[in-house]
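Remarks on the overall topology
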Amino acid sequence: MTASELKKLVTQVRRTDTALRHLAARLDLNEADKASLLKAASVLLSSGRQVATQVTQTRRTEEAREKAIAKATQEAKQLMAGWPVVSISDKVALCVANLMETHLRQNLESDSDNLEWSLSYWVEQALAEIPMNSAWTAVRDGKPVSELMALASERLDKIRIQPGTIALAHRWQAQMEAAVVSQ
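Residues numbered from 1 in each chain as written. Predicted model: local features only at pLDDT ≥ 70, side-chain atom pairs only at ≥ 80, totals over all residues. Heavy atoms only, no water.

Attention now goes to the side chain of Asn107. By secondary structure assignment, the location of Asn107 is in helix α4 (residues 101-109). What makes Asn107 buried here is its relative accessible area of 17%. One polar contact links Asn107 to Trp122, side chain to side chain, over a distance of 2.6 Å. (Helix = DSSP H or I, 4+ residues; strand = E, 2+ residues; numbered from the N terminus. Buried < 20%, exposed > 50% of the residue type's maximum accessible area, 1.4 Å probe, protein only. Polar contact = N/O pair within 3.5 Å; in protein donor to acceptor, adjacent residues only side chain to side chain.)

Structure (structure tokens):
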């Protein structure tokens, strides 16, 4: 459970504890029933304290994970800065590597007037998502982000030379040039 969920649980436990104590005090019950309600309330109170301690520990763990992901994301962005993303072919390959091929094909089929903007948008998305995904995976699996970014770079190199990627890049190039000529 997350720290937020645990905190809500602590609140529920405290409310239930209070309700049980009020019931024991206000209802006309025999001593055995009152003792049972008060015993249940004390068990809840004890459990609530344990969960409250767990909230603090979980929050610290979550904060540490978030800091580690932020640091790994920065490192991944620095490593990615050297990736070639200049030509249309490079941009298309980057988007395909980030599983955006469907979006690229849909943009081509829609005969968008602003294909250059569209491609730039998908490239920006890929440049943001790849480092974040690599950082998250690195922190989750306890691997160095540099290793994951090296694997992603190798994957990009393989995707760049695939015939489907080359054909898609040529289609983008042709349609972008046709859009420029028609203006």
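This paragraph deals with the packing of aromatic side chains. Counted by the stated rule, this structure contains two aromatic pairs. Aromatic side chains Trp117 and Tyr121 sit 5.5 Å apart centroid to centroid with 15 degrees between the ring planes, which places their arrangement in the stacked category. Of the two residues, Trp117 and Tyr121 both sit in helix α5 (residues 115-141), four residues apart, roughly one turn of that helix. For Tyr121, a relative accessible area of 34% gives the class partly exposed. Both rings, one in Tyr121 and one in Trp122, keep their centres 4.9 Å apart while their planes meet at 75 degrees; by these two values the pair is edge-to-face. An aromatic cluster is present here, built from Trp117, Tyr121 and Trp122 joined pairwise through their rings. (Phe/Tyr/Trp six-rings, centres within 6.5 Å; stacked < 30°, edge-to-face > 60°.)

For the rest of this paragraph, the subject is the pattern of salt bridges. Following the criterion strictly, the structure yields five salt bridges and no others. A salt bridge links Glu101 to Arg105; its shortest N-O distance comes to 2.7 Å. Taken together, the residues span about one helical turn, with Glu101 and Arg105 both in helix α4 at a distance of four residues. Look at Arg105 and you get partly exposed, because its relative accessible area is 29%. The structure contains a network of salt bridges with shared partners spanning Asp90, Asp157 and Arg160. (Salt bridge = Lys/Arg side-chain N within 4 Å of Asp/Glu carboxyl O.)

Before going further, it helps to spend a moment on the environment of Leu45. Tracing the backbone through its elements, the reader meets Leu45 in helix α2 (residues 31-80). According to the relative accessible area criterion, Leu45 is partly exposed, its value standing at 30%. Sequence separation between Leu45 and Glu147 is 102 residues, and the spatial gap between their C-alpha atoms is 48 Å.

As for its position among the elements, Thr165 is in helix α7 (residues 163-182). Setting aside its immediate chain neighbours within four residues, Thr165 contacts Val92, Ala93, Val96, Ile159 and Arg160. (Contact = heavy atoms within 4.5 Å.)

Looking now at α5. Counted at 1.5 Å a residue, the expected span for α5 with its 27 residues is 39 Å, and the 38 Å between its end C-alpha atoms agrees. Looking one or two places after α5, you find Gly142, whose phi comes out positive at around 70 degrees. (Expected span 1.5 Å × (residues − 1).)

Attention now moves to helix α6 (residues 145-160). The end-to-end C-alpha distance of α6 is 22 Å, a good match for the 22 Å that 16 residues give at a rise of 1.5 Å each. Among the residues making up α6, those that are buried are Val145, Leu148, Met149, Leu156, Ile159 and Arg160. Buried residues of α6, seen end-on, are gathered within an arc of 115 degrees and therefore sit on one face of the element. (Arc of directions from axis to C-beta.)

Running from N to C, α2 and α6 point in directions that differ by 40 degrees, and their axes come no closer than 10 Å. By the angle class used here, α2 and α6 are oblique. Of the two elements, α2 crosses α6, and the hand of that crossing is right-handed. Of α6, the residues touching α2 (which contributes Ala72, Glu75, Ala76, Leu79 and Met80) are Val145, Ser146 and Met149. In terms of residue class, the contact of α2 with α6 is built from six nonpolar, one polar and one charged. (Axes fitted to C-alpha atoms, helices over the stretch in contact; angles between N-to-C directions. Parallel < 35°, antiparallel > 145°, perpendicular 65-115°, else oblique. Left-handed = near helix turned anticlockwise from the far one by under 90°. Nonpolar A, V, L, I, M, F, W, Y, C, P; charged D, E, K, R; others polar.)

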